[in-house]
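# Close look at the chain arrangement
The primary structure of each chain is shown beneath.
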Amino acid sequence: MSSHGNSSTANDPRQPSAAKPFVQQSVAPQDLPVDYSGFIAVMFGVAGVMFRYKLCSWVAIIFCAQSLANMRNFETDLKQVSMAMMFAVMGLVTNYLGPRPPKTT
Amino acid sequence: MENGPCYSLLHLLALLSLLSIFLSHLSRFHVLADSHFEGFDADGEDDDESLIHNTLPLRSSPLTQSDPDPEPTPDPTSQDPDANQYSEPPSRPSSSSDLPKPSSTSFEYWDEDEFEGLPVEQPPLETPKIPENATPDDPSSDPKTAPKPIAATSPKSYTVEIVCGSFLIVFAINYFTGKRENENIALAWAVKFASKDSIFDKNFSLLGVGDGDDSPLLLKEGQNVFKFHASGRRYCQGLLATMELKSRHDLISRMYNLVVPCSDEISFEVYMNDDAMDHLVFAVAKKKAAKWMQKEIRDLQRFANMVSPPSGRKWVAEELAVISESKEVAGDLITEVVLEQVFGEKAFEKFGKGFISIHFSDQQPGTHKKMLLFKFALPDANSMADMTRLVALVPYYIDLVGRYRLSTQARSKTEITRMKIAQEAHREEQNARQEALQRKKAERKKLLEEAESKLGAEAIKRKEAKERARQMKKSMPRVKMTRAH
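Residues numbered from 1 in each chain as written. Chains lettered and ligands numbered in written order. Predicted model: local features only at pLDDT ≥ 70, side-chain atom pairs only at ≥ 80, totals over all residues. Heavy atoms only, no water.

Our focus in this paragraph is the environment of A:Cys56. Residues and elements named next belong to chain A. By secondary structure assignment, the location of cysteine 56 is in helix H2 (residues 54-69). Considering only alpha carbons, one finds cysteine 56 and phenylalanine 44, 12 residues apart in sequence, at a separation of 5.4 Å. The contact partners of cysteine 56, leaving out residues within four places of it in the chain, are Phe44, Ala47 and Gly48. (Helix = DSSP H or I, 4+ residues; strand = E, 2+ residues; numbered from the N terminus. Contact = heavy atoms within 4.5 Å.)

Before going further, it helps to spend a moment on the packing of aromatic side chains. All names here are of chain B. Considering all chains together, one arrives at 19 aromatic pairs over all chains under this definition. Considering the side-chain rings of tryptophan 189 and phenylalanine 268, the 6.2 Å spacing of their centres and the 45 degrees angle between planes classify their relative orientation as tilted. Of the two residues, tryptophan 189 sits in helix H9 (residues 159-193) while phenylalanine 268 sits in strand E5 (residues 265-272), which places them 79 residues apart along the sequence. Side by side, tryptophan 189 and phenylalanine 268 carry an identical accessibility label, which is buried. Residues phenylalanine 200 and phenylalanine 268 carry aromatic rings whose centres are separated by 5.8 Å and whose planes lie at 40 degrees to one another, so their mutual orientation is tilted. Of this pair, phenylalanine 200 sits in helix H10 (residues 199-203) while phenylalanine 268 sits in strand E5, and the two are 68 residues apart along the sequence. Exposure class is identical for phenylalanine 200 and phenylalanine 268. Each is buried. When the ring centre of phenylalanine 351 is taken as reference, the NZ or CZ atom of arginine 389 above it lies at 3.9 Å. (Phe/Tyr/Trp six-rings, centres within 6.5 Å; stacked < 30°, edge-to-face > 60°. Buried < 20%, exposed > 50% of the residue type's maximum accessible area, 1.4 Å probe, protein only. Lys NZ or Arg CZ within 6 Å of the ring centre and 35° of its normal.)

Let us now look at the confidence of the model for chain A. Residue and element names in this part refer to chain A. Model confidence for chain A is summarised by a mean pLDDT of 76, while 77% of its residues fall at 70 or above. When mean pLDDT is taken per element in chain A, H2 scores highest with 88 and helix H3 (residues 74-97) scores lowest with 78. This model gives residues 1-8 a pLDDT under 50, and the stretch forms 11 contacts once residues within four places in sequence are excluded. (pLDDT = per-residue confidence, 0-100.)

As structure tokens, this is what we get:
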């Protein structure tokens, strides 16, 4: 196995003429792995708004953070993540500054 | 994007609800402000006093310092000037000096009030109590919505906020540390195996993911996925190494990986030239993984079977299993060198810890048919040298497979099986195409029928007449006509 590491030109396996530059495979948006954490964030955000559960809104924010951290492609994923973030923040705002002030704060 | 319109609708909804919340918030403040005036114009003195007790201590202390200021308020006769006073809050300090000193009785009264209202910090807490008692249905619904029990007199608990806020802070810290850790591992691998005078530099002329000499070696596709490309070697078009590391940057995945074990992996894909690879379907993996591969991966399933260790020669370690089309091919690909270096009993104990699988095939599903796949586990950043022998397998096997030619017997067998499977695949394709055509025809018919049924009865009659005329024309002999000049 180590013989191929020899620098003798006769054994040199390199072929510069055959070199091909790297072509990045573009993934269609449908094939992208499902953003589960973003989906869960939206679910919790909606639950937090509907049931006035503070914990739900905070958990939604946490899952939004996870979705942001796992964002691979900046342009395509940012829209979905920002959508989930809006829901979570809306839930939090509703819970804290809502028309019926919760007795806890 | 398909989700576009849905998301824009949700966007609108979110904005609208935010607006409504803020509007109601504003209106709530407005209501509170009005209550001051209401309370002051109220009938009983008690209402005045209660509101004064509540509102005055809540207001800033300058109020209590200027004694004469609130004095007129308990006096019912002097409501008007007081109303004026309260209607102009900014001018309160100045108005206090303008007002004449009241009688001693009201002064004493105010002193009592002062000492009543000031030291005890209960008025602010009492205010939530009062509306609470006034609206008995609210506390009953509150325990249902708020999971944490809140005592009115005890300090307000911020458990949820503290816990979640600290989790978010830890999450952010972990994001940056995890990101750096992953980058360090990837860079350590690149330094060991892809930098100058390393094994890949000696084997490939073009390294990295860009153009030219100064191209970056690694492509970062997410905080835990790194890609390395190499090209310019005999027998193959190129090599793509993908490092999939643990999600160290994501705290939730990290906690999940404490329960479900995960490891850093690197997988090499070597795209062989068309003329460089003969009919080969071959795989080596640990026993469980090999069984799974033989069942799940399509080309292994169709072409290859598990190969039992042949007698009379050295074979791979006990933990490994070999899948191949024929025993001959398996024997030819597992050479003495390989056994001695990696796959033999002794060598595997020492160096084979990071080995996951190899899979060579000229019938790979996907765009590239002739590919060699290697999968290894990555050691941590400081012990990259443990992987040297495994990585050395890659160029060795490129050359071995590139040079290898099947014997005529084996070749004929493989040819037969491949012809069969190619025919089957062809037939399947034809069937699929026919089904698609039939479906289209049926859909067109349905559309036509629906369109016809929509039209009125007259239209149907007209259509039928037309069709009859057309058929008559067809059945009648064609008579040619020319124009007379």
